[in-house]
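# Observations on the model geometry
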Amino acid sequence: MKKITKILVANRGEIAIRVMKTAKKMGIKTVAVFSTADRNALHVKYADEAVCIGEAASSQSYLRGDKIIEVCKELSVDAVHPGYGFLSENSAFAEECEKNNIIFIGPKSKAIEMMGSKLAAKEAVMQYNIPMVPGIDHAITDIEEAKRSAKEVGFPILIKASAGGGGKGMRIVEREEDFVSQMDRAISEATSAFGDGSVFIEKYVTKPRHIEIQIMADSHGNVLYVFERECSIQRRHQKVVEEAPSSILTPEKRKEMGEAAVKVARACDYLGAGTVEFLMDDKHNFYFLEMNTRLQVEHPVTEMVSGLDLVELQIRVARGEELTIKQEDLVIHGHAMELRVYAEDSMNDFLPNVGLLSTYQLPVGEGIRVDNGIEEGMEVPIYYDPMLSKLVTYGKTREEAIELMIKAIDNYHVEGVATTLPFGKFVMEHEAFRSGDFDTGFVKAYYNPEKMKANLDTEAEIAAMIALQQYLADAKILRLPIISD
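Everything in this summary refers to the structure shown in the same document. Keep in mind the model is a prediction, meaning the values are calculated, not measured. Residue numbers run consecutively from 1 along every chain, following the written order of its sequence. In keeping with the model being predicted, local features are shown solely for residues with a pLDDT of at least 70 and side-chain atom pairs are shown and tallied solely at 80 or more, while totals for entire chains, interfaces and linings include all residues. Only hydrogens and water are set aside when side-chain values are computed; all heavy atoms of the structure are taken into account.

### Overview of the sheet that holds strand β7 (residues 171-173)
- Spatial strand order, β7-β6-β8: three strands in an open sheet with antiparallel pairing. Two strands close off the open sheet at either side, each with one partner strand: β7 and β8 (199-203). Direction aside, the axes of adjacent strands within the sheet are offset by 25° on average.
- For two strands to be treated as a pair, DSSP must find at least two bridges joining them. Each helix is a run of H or I in the DSSP string that is no shorter than four residues. Each strand is a run of E no shorter than two, and both are numbered from the N terminus. Here five bridges tie strand β6 (residues 157-161) to β8, and the two strands are oriented antiparallel to one another. When the sheet's bridge partners are listed, I157 is paired in β8 with K203.
- Whether two residues are in contact is decided by their heavy atoms: any pair within 4.5 Å suffices. To get an axis, fit a line to the C-alpha atoms, keeping to the stretch in contact for a helix; angles then go from 0 to 180 degrees between the N-to-C directions. The strands touched by helix α6 (residues 118-125) are β6 and β8; relative to β8, the strand with the most contacts, the crossing angle is about 55°.
- Its contacts with the sheet place helix α7 (residues 143-153) against β6 and β8, and it is angled at close to 20° to β8.

### Some remarks on unusual backbone geometry
- Of note, the bond from F155 into P156 is cis; its omega dihedral lies within 30 degrees of zero at 0°.
- Of note, P156 is situated in the loop between α7 and β6.
- With a phi close to 50°, K207 is a non-glycine residue in the positive phi region.
- Tracing the backbone through its elements, the reader meets K207 in the loop between β8 and β9 (209-217).
- Under the relative-accessibility criterion, K207 is labelled exposed at 57%.
- Despite not being glycine, H237 shows a phi value in the positive range, around 65°.
- For every residue, the accessible area (1.4 Å probe, protein chains only) is compared with the maximum for its type, and the residue is labelled buried under 20%, exposed over 50%, or partly exposed between those bounds. Looking at H237, the relative accessible area reads 33%, which means it is partly exposed.

### Looking at the packing of aromatic side chains
- Aromatic rings from Phe, Tyr and Trp, taking only the six-membered ring of Trp, are treated as a pair when their centres fall within 6.5 Å; an angle between ring planes under 30 degrees marks them as stacked, one over 60 as edge-to-face, and anything in between as tilted. According to the stated counting rule, one finds 16 aromatic pairs in the structure shown.
- Seen in terms of ring centroids, F350 and F423 are 5.1 Å apart; in terms of plane orientation they differ by 90°. Their pairing is edge-to-face. Remark: F423 occurs in helix α13 (residues 421-429) and F350 occurs in the loop between β15 (344-345) and β16 (351-352); sequence separation between them is 73 residues.
- Taking relative accessible area as the criterion, F350 reaches 4% and is therefore assigned buried.
- Its relative accessible area of 0% is what places F423 among the buried residues.
- When the ring of F442 is compared with that of Y446, the centres are 5.2 Å apart and the planes differ by 55°; the resulting orientation is tilted. With F442 and Y446 both in helix α15 (residues 442-446), this residue pair falls four residues apart, about one helical turn.

### Concerning the environment of G272
- Residue position: G272 is located in strand β12 (residues 272-280).
- On a C-alpha basis, the gap between G272 and V223 in space is 9.0 Å, while along the polypeptide they are 49 residues apart.
- With near-sequence residues (within four places) excluded, G272 lies in contact with I215, M216, A217 and V317.

### Here's the deal with the side chain of R398
- The topology assignment puts R398 in helix α12 (residues 398-410).
- In terms of polar contacts, R398 uses its side chain to reach the side chain of E243, at 2.8 Å.
- For R398, the residues in contact, after removing those within four places along its chain, are E243, S247, H335, M337, F433, R434, G436 and F438. Residues adjacent in sequence count toward polar contacts only when both atoms are side-chain atoms; beyond that, a polar contact is any pair of N or O atoms within 3.5 Å, and within protein one must be able to donate a hydrogen and the other to accept it.

Structural data, given as structure tokens:
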């Protein structure tokens, strides 16, 4: 078994603290890295040691794998945990760690590289007869070729960047006449985000559900699936609300999808925690989408319903330990909800809304978990993803988890920046969500900030009229002077 006595967390914010908490629980020392913008950040205070690795821009700090490896050598670090984002799915960084005898707490570089390309991933899992969304099985940059391919697939189609995710380089095209302009945008965005403008085309699944399976694999041939997460509430193709389990999966469908996910993991000789993502149509047919070769943002809901500490399992597997849990040991207990609390103005197209947190008070109580990365009096920096925390609630039933989430949102006090808290409450209270009858088009179908603003204005006017009527009535009874303009 490999020795891990000190872990460097190559990340920031809530995920850095989340990893450090488990490391400390296991008696492992922690090292934080930080940029000049994060000098006073919580993850810096929480770690046993901390080193500044560069300027505010992530390209000069958190993405500098060479500097991170230098720090590992200087401080005798045994292992690096990349969290998610930044270098977590960078095969070159994983390979450099391996070359320098530093344990990368994640899959081997070969698996990251294979699954990092959506087309390579699809090719790898084809032999297992896992359902795929119909489409073109090669990357395209030529507009005319792409146009012919789109006609073959049939509209509506989805253009997707081959080299990345997170909604970047992705365009839904309903009509042929819109194809060229949307293709240009997708290529431009993919080039800017990933340095690779190649895209591929697949049939757009109407009213899809986004359901993903958590897997965990060791180096002894064991691969487990730790059930599913429902991730269909999204804005700009990025998740905002997640839950476990999904309200629409039968035990039979859960087993079928779980076993398919295990096959995907075996296709790339996977190691550690990963997520296999699927689209599900309105007839509950599922299709392989991609594999994320890292810990997911939404992993807490899986931990809540399974009772597992996924970070602890990541560390144990990285040390070479064999998983002691068997598939039949895993049971779903209760239901968990997660809201990503972003510093975004959900009333203004979810645009980032950074600034000074003049008030920042977290909700507490049984069944409430907040994976947090910031505190009152701090500035939300403009350089990074604007997520402040992840608000998670747990109940015996889905209804309990929803009601507790509404209560937790009401008790989460933030002033100084706009957040996604009001949006989260809107989702929790909406009949489509509560009934389980929703898909990835939820925001487009139901969320209308302009209408909500108008309703708020109307409610304010009604409240003012009621207050005036009450004042006039009181004035009449008490014979008070009526004040007029």
